[in-house]
There are 2 protein chains.
Amino acid sequence: MIFDEVVQKAVEETNGGIAAVIMASDGISITQYVKPEKNIDLETLGIEYANLLAEIAKHTEAMEAGSVKEVCLKTDNFLSVIRVLTSEYFIALILQKDGNLGKGRFILRVNAPALLKEL
Amino acid sequence: MIFDEVVQKAVEETNGGIAAVIMASDGISITQYVKPEKNIDLETLGIEYANLLAEIAKHTEAMEAGSVKEVCLKTDNFLSVIRVLTSEYFIALILQKDGNLGKGRFILRVNAPALLKEL
(Lines give C-alpha, C1' and ligand atoms only; values in the text may rest on other atoms or scores of the structure.)
Protein backbone atom coordinates (compact mmCIF):
# COMPACT_ATOMS: atom_id res chain seq x y z
CA MET A 1 0.00 0.00 0.00
CA ILE A 2 1.35 3.37 -1.03
CA PHE A 3 0.85 4.90 2.45
CA ASP A 4 3.00 2.22 4.12
CA GLU A 5 5.64 2.46 1.39
CA VAL A 6 5.97 6.21 1.67
CA VAL A 7 6.30 6.41 5.48
CA GLN A 8 8.93 3.65 5.43
CA LYS A 9 10.81 5.22 2.51
CA ALA A 10 10.79 8.66 4.17
CA VAL A 11 12.36 7.26 7.35
CA GLU A 12 14.83 4.87 5.73
CA GLU A 13 16.03 7.19 2.96
CA THR A 14 16.53 10.26 5.13
CA ASN A 15 19.73 10.43 7.18
CA GLY A 16 18.72 10.50 10.83
CA GLY A 17 15.16 9.34 10.09
CA ILE A 18 13.33 8.07 13.20
CA ALA A 19 9.63 7.83 12.36
CA ALA A 20 6.90 8.97 9.99
CA VAL A 21 3.14 9.04 10.20
CA ILE A 22 0.22 9.84 7.88
CA MET A 23 -2.53 11.18 10.05
CA ALA A 24 -5.97 12.74 9.93
CA SER A 25 -6.40 16.16 11.48
CA ASP A 26 -8.42 14.56 14.30
CA GLY A 27 -5.26 12.73 15.42
CA ILE A 28 -6.07 9.26 14.12
CA SER A 29 -3.28 7.84 11.98
CA ILE A 30 -3.71 6.01 8.66
CA THR A 31 -0.28 4.45 8.90
CA GLN A 32 3.02 4.93 10.65
CA TYR A 33 6.53 3.60 10.56
CA VAL A 34 9.14 3.70 13.31
CA LYS A 35 12.74 2.69 12.63
CA PRO A 36 13.16 -0.72 14.31
CA GLU A 37 15.69 0.26 16.97
CA LYS A 38 13.87 3.47 17.92
CA ASN A 39 11.55 3.79 20.87
CA ILE A 40 9.05 6.55 20.21
CA ASP A 41 5.38 7.03 21.06
CA LEU A 42 4.31 8.07 17.60
CA GLU A 43 0.60 8.02 18.40
CA THR A 44 1.04 10.75 21.03
CA LEU A 45 3.48 12.69 18.87
CA GLY A 46 1.08 12.56 15.94
CA ILE A 47 -1.77 13.93 18.03
CA GLU A 48 0.48 16.79 19.13
CA TYR A 49 1.34 17.49 15.48
CA ALA A 50 -2.37 17.51 14.62
CA ASN A 51 -3.06 20.01 17.43
CA LEU A 52 -0.05 22.06 16.43
CA LEU A 53 -1.21 22.30 12.81
CA ALA A 54 -4.65 23.42 13.96
CA GLU A 55 -3.06 26.16 16.10
CA ILE A 56 -0.75 27.24 13.28
CA ALA A 57 -3.72 27.40 10.90
CA LYS A 58 -5.52 29.78 13.27
CA HIS A 59 -2.52 32.10 13.35
CA THR A 60 -1.82 32.01 9.62
CA GLU A 61 -5.46 32.92 9.03
CA ALA A 62 -5.07 35.89 11.37
CA MET A 63 -1.90 36.77 9.42
CA GLU A 64 -3.73 36.53 6.09
CA ALA A 65 -0.96 34.17 5.03
CA GLY A 66 -3.32 31.59 3.55
CA SER A 67 -3.37 27.87 4.24
CA VAL A 68 -0.43 26.08 5.81
CA LYS A 69 1.49 23.90 3.36
CA GLU A 70 4.53 22.80 5.35
CA VAL A 71 6.04 23.26 8.78
CA CYS A 72 9.65 22.46 9.70
CA LEU A 73 10.40 22.44 13.37
CA LYS A 74 13.78 22.26 15.07
CA THR A 75 13.84 21.55 18.80
CA ASP A 76 16.54 20.48 21.26
CA ASN A 77 15.90 16.81 20.57
CA PHE A 78 14.35 16.45 17.11
CA LEU A 79 13.78 17.82 13.65
CA SER A 80 10.28 17.47 12.24
CA VAL A 81 8.77 18.12 8.83
CA ILE A 82 5.01 18.25 8.57
CA ARG A 83 3.54 18.41 5.09
CA VAL A 84 -0.14 19.16 4.73
CA LEU A 85 -1.71 16.84 2.13
CA THR A 86 -5.37 17.88 2.21
CA SER A 87 -7.50 19.84 4.66
CA GLU A 88 -7.98 16.51 6.47
CA TYR A 89 -4.62 14.75 6.23
CA PHE A 90 -0.93 15.40 6.77
CA ILE A 91 2.32 13.46 6.77
CA ALA A 92 4.95 14.06 9.45
CA LEU A 93 8.56 12.91 9.48
CA ILE A 94 10.68 12.97 12.63
CA LEU A 95 14.47 13.05 12.44
CA GLN A 96 17.33 13.07 14.90
CA LYS A 97 18.48 16.61 15.58
CA ASP A 98 21.45 16.11 13.22
CA GLY A 99 19.28 14.54 10.50
CA ASN A 100 19.02 15.75 6.91
CA LEU A 101 16.00 18.06 7.01
CA GLY A 102 16.36 19.03 3.34
CA LYS A 103 16.30 15.41 2.17
CA GLY A 104 13.28 14.72 4.39
CA ARG A 105 11.35 17.66 2.93
CA PHE A 106 12.28 16.53 -0.56
CA ILE A 107 11.04 12.96 -0.02
CA LEU A 108 7.71 14.18 1.40
CA ARG A 109 7.32 16.62 -1.50
CA VAL A 110 8.00 14.17 -4.33
CA ASN A 111 5.75 11.51 -2.79
CA ALA A 112 2.84 13.83 -2.02
CA PRO A 113 1.12 13.43 -5.43
CA ALA A 114 0.98 9.63 -5.05
CA LEU A 115 -0.50 10.00 -1.55
CA LEU A 116 -3.02 12.60 -2.73
CA LYS A 117 -4.36 10.20 -5.37
CA GLU A 118 -5.41 7.82 -2.58
CA LEU A 119 -6.85 10.38 -0.14
CA MET B 1 23.11 49.18 15.69
CA ILE B 2 23.52 45.46 15.14
CA PHE B 3 19.77 44.72 15.41
CA ASP B 4 18.92 47.16 12.60
CA GLU B 5 21.79 45.88 10.46
CA VAL B 6 20.77 42.24 10.79
CA VAL B 7 17.07 42.70 9.96
CA GLN B 8 17.96 44.78 6.90
CA LYS B 9 20.65 42.34 5.77
CA ALA B 10 18.33 39.35 6.19
CA VAL B 11 15.69 40.96 3.95
CA GLU B 12 18.00 42.46 1.35
CA GLU B 13 20.35 39.47 0.99
CA THR B 14 17.64 36.79 0.75
CA ASN B 15 15.94 36.32 -2.62
CA GLY B 16 12.28 37.15 -2.13
CA GLY B 17 12.89 38.88 1.22
CA ILE B 18 9.92 41.03 2.32
CA ALA B 19 10.41 41.89 6.00
CA ALA B 20 12.19 40.91 9.21
CA VAL B 21 11.59 41.67 12.86
CA ILE B 22 13.38 41.07 16.16
CA MET B 23 10.71 40.75 18.79
CA ALA B 24 10.17 39.94 22.45
CA SER B 25 7.92 37.03 23.28
CA ASP B 26 5.31 39.51 24.56
CA GLY B 27 4.90 40.81 20.98
CA ILE B 28 6.80 44.09 21.31
CA SER B 29 9.46 44.49 18.62
CA ILE B 30 13.01 45.72 19.16
CA THR B 31 13.46 46.56 15.53
CA GLN B 32 12.01 45.72 12.16
CA TYR B 33 12.72 46.26 8.49
CA VAL B 34 10.29 46.13 5.59
CA LYS B 35 11.52 46.21 2.00
CA PRO B 36 10.64 49.71 0.72
CA GLU B 37 8.09 48.74 -1.93
CA LYS B 38 6.33 46.19 0.28
CA ASN B 39 3.16 46.88 2.19
CA ILE B 40 2.97 44.65 5.23
CA ASP B 41 1.68 45.11 8.77
CA LEU B 42 4.73 43.69 10.49
CA GLU B 43 3.58 44.65 13.98
CA THR B 44 0.50 42.41 13.69
CA LEU B 45 2.45 39.65 11.97
CA GLY B 46 5.09 39.74 14.71
CA ILE B 47 2.46 39.40 17.43
CA GLU B 48 1.03 36.40 15.60
CA TYR B 49 4.52 34.87 15.41
CA ALA B 50 5.00 35.46 19.15
CA ASN B 51 1.68 33.71 19.89
CA LEU B 52 2.53 30.94 17.47
CA LEU B 53 5.88 30.28 19.15
CA ALA B 54 4.18 30.14 22.56
CA GLU B 55 1.69 27.57 21.20
CA ILE B 56 4.44 25.53 19.55
CA ALA B 57 6.44 25.55 22.81
CA LYS B 58 3.45 24.08 24.66
CA HIS B 59 3.18 21.26 22.15
CA THR B 60 6.91 20.49 21.98
CA GLU B 61 6.93 20.25 25.78
CA ALA B 62 4.09 17.73 25.60
CA MET B 63 6.11 15.89 22.95
CA GLU B 64 9.24 15.90 25.16
CA ALA B 65 11.02 17.39 22.19
CA GLY B 66 12.76 20.11 24.21
CA SER B 67 12.84 23.83 23.48
CA VAL B 68 11.98 25.22 20.07
CA LYS B 69 15.02 26.46 18.14
CA GLU B 70 13.61 27.25 14.71
CA VAL B 71 10.33 27.14 12.82
CA CYS B 72 9.98 27.32 9.05
CA LEU B 73 6.48 27.86 7.79
CA LYS B 74 5.22 27.63 4.23
CA THR B 75 1.75 28.99 3.52
CA ASP B 76 -0.15 29.91 0.35
CA ASN B 77 1.21 33.45 0.41
CA PHE B 78 4.50 33.49 2.36
CA LEU B 79 7.51 31.64 3.62
CA SER B 80 8.60 32.45 7.16
CA VAL B 81 11.64 31.52 9.22
CA ILE B 82 11.47 32.13 12.95
CA ARG B 83 14.68 31.64 14.90
CA VAL B 84 14.49 31.62 18.68
CA LEU B 85 17.34 33.70 20.15
CA THR B 86 16.67 33.46 23.89
CA SER B 87 13.66 32.47 25.98
CA GLU B 88 12.56 36.10 25.57
CA TYR B 89 13.49 37.07 22.00
CA PHE B 90 13.21 35.78 18.48
CA ILE B 91 13.93 36.95 14.95
CA ALA B 92 11.47 36.32 12.12
CA LEU B 93 12.06 36.69 8.39
CA ILE B 94 9.19 36.77 5.89
CA LEU B 95 9.76 35.87 2.24
CA GLN B 96 7.66 35.70 -0.88
CA LYS B 97 6.38 32.19 -1.45
CA ASP B 98 9.08 31.62 -4.09
CA GLY B 99 11.83 33.09 -1.88
CA ASN B 100 15.04 31.32 -0.91
CA LEU B 101 14.17 29.76 2.44
CA GLY B 102 17.57 28.08 2.79
CA LYS B 103 19.44 31.35 2.37
CA GLY B 104 17.13 33.06 4.85
CA ARG B 105 17.73 30.35 7.48
CA PHE B 106 21.46 30.62 6.86
CA ILE B 107 21.55 34.41 7.34
CA LEU B 108 19.57 34.18 10.59
CA ARG B 109 21.84 31.40 11.83
CA VAL B 110 25.16 33.09 11.13
CA ASN B 111 23.99 36.39 12.61
CA ALA B 112 22.45 34.91 15.75
CA PRO B 113 25.69 35.02 17.84
CA ALA B 114 26.09 38.79 17.23
CA LEU B 115 22.46 39.37 18.24
CA LEU B 116 22.82 37.18 21.33
CA LYS B 117 25.73 39.30 22.56
CA GLU B 118 23.38 42.29 22.75
CA LEU B 119 20.35 40.58 24.27
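Preceding this section is the structure that the text describes.
Rules behind the numbers
- Residues numbered from 1 in each chain as written.
- Chains lettered and ligands numbered in written order.
- Predicted model: local features only at pLDDT ≥ 70, side-chain atom pairs only at ≥ 80, totals over all residues.
- Heavy atoms only, no water.
- Helix = DSSP H or I, 4+ residues; strand = E, 2+ residues; numbered from the N terminus.
- Expected span 1.5 Å × (residues − 1).
- Buried < 20%, exposed > 50% of the residue type's maximum accessible area, 1.4 Å probe, protein only.
- Arc of directions from axis to C-beta.
- Contact = heavy atoms within 4.5 Å.
- Buried area = accessible area lost by both parts, 1.4 Å probe.
- Salt bridge = Lys/Arg side-chain N within 4 Å of Asp/Glu carboxyl O.
- Polar contact = N/O pair within 3.5 Å; in protein donor to acceptor, adjacent residues only side chain to side chain.
- Nonpolar A, V, L, I, M, F, W, Y, C, P; charged D, E, K, R; others polar.
- Pairing = 2+ DSSP bridges.
- Axes fitted to C-alpha atoms, helices over the stretch in contact; angles between N-to-C directions.
- Parallel < 35°, antiparallel > 145°, perpendicular 65-115°, else oblique.

(A) The arrangement of helix 1 (residues 2-13) of chain B in detail. All names here are of chain B. An ideal rise of 1.5 Å per residue puts 16 Å on 12 residues; helix 1 measures up with 16 Å between its terminal C-alpha atoms. Turning to helix 1, its buried residues are Phe3, Val6, Val7, Ala10 and Val11. Each buried residue of helix 1 lies within a common arc of 125° when the element is viewed along its axis, so the set occupies one face. Against the buried residues of helix 1 lie strand 1 (17-24), strand 2 (29-34), strand 5 (89-96) and helix 3 (101-118).

(B) Seen up close, the interface of chain A and chain B. If you look at the interface, chain A gives 28 residues, while chain B gives 28 residues. With both chains or domains summed, chain A and chain B bury close to 2600 Å², and 62% of this area falls on carbon and sulfur atoms. The largest share of the area that chain A buries against chain B comes from His59(A), Met63(A) and Lys74(A), three residues that together contribute 23% of it. Applying the counting rule to chain A against chain B returns 2 salt bridges. The salt bridge involving Asp76(B) is made with Lys69(A); its shortest N-O contact spans 3.0 Å. Inspection of the chain A/chain B interface yields 16 residue pairs in polar contact (both at pLDDT 80 or more). Looking at the side of chain A that touches chain B, the elements with two or more residues in it are helix 2 (42-62), strand 3 (68-75) and helix 3 (101-118) of chain A. Ranked by residues supplied to the side of chain A that touches chain B, first place goes to helix 2 of chain A with 10 residues. Of the residues assigned to the side of chain A that touches chain B, the class counts are 13 nonpolar, 7 polar and 8 charged. Pairing geometry for strand 3 of chain A and strand 3 (residues 68-75) of chain B, over 7 bridges, is antiparallel. Bridging across to strand 3 of chain B, Cys72(A) finds its partner in Cys72(B).

(C) Region of interest: the packing of helix 1 (residues 2-12) of chain A against helix 3 of chain A. All names here are of chain A. With their axes 10 Å apart at the nearest point, helix 1 and helix 3 run at an angle of 170° to one another. Of the possible angle classes, the one that applies to helix 1 and helix 3 is roughly antiparallel. Taking contact as the criterion, the partners of Ile2, Phe3, Val6, Lys9 and Ala10 in helix 1 are, on helix 3, Ile107, Leu108, Asn111, Ala114, Leu115 and Glu118. Its residues placed into classes, the contact of helix 1 with helix 3 shows 8 nonpolar, 1 polar and 2 charged.

(D) Local environment of the pattern of salt bridges. All names here are of chain A. This model, assessed by the stated rule, comprises 8 salt bridges over all chains. With a closest N to O distance of 3.6 Å, Glu55 and Lys58 form a salt bridge. Here Glu55 pairs with Lys58, and both are found in helix 2, just 3 residues apart, close to one helical turn. Note on Glu55: relative accessible area 17%, which makes it buried. Residue class for Lys58 comes out exposed when judged on its relative accessible area of 54%. Connected through shared salt-bridge partners, Glu70, Arg83 and Arg105 make up one network.

(E) Molecular detail of the pairing of strand 4 (residues 78-84) of chain B. Residues and elements named next belong to chain B. Most of strand 4 is tucked away: 6 of the 7 residues are buried. For strand 3 and strand 4, the ladder comprises 5 bridges, and the chain directions are antiparallel. The partner of Cys72 across the bridge, within strand 4, is Val81. From the end of strand 3 to the start of strand 4, which pair antiparallel, there are 2 residues. Pairing of strand 4 with strand 5, which is carried by 7 bridges, proceeds in the antiparallel orientation. Each residue of the ladder has a partner; that of Ile82, found in strand 5, is Ala92. Joining the antiparallel neighbours strand 4 and strand 5 is a turn of 4 residues.

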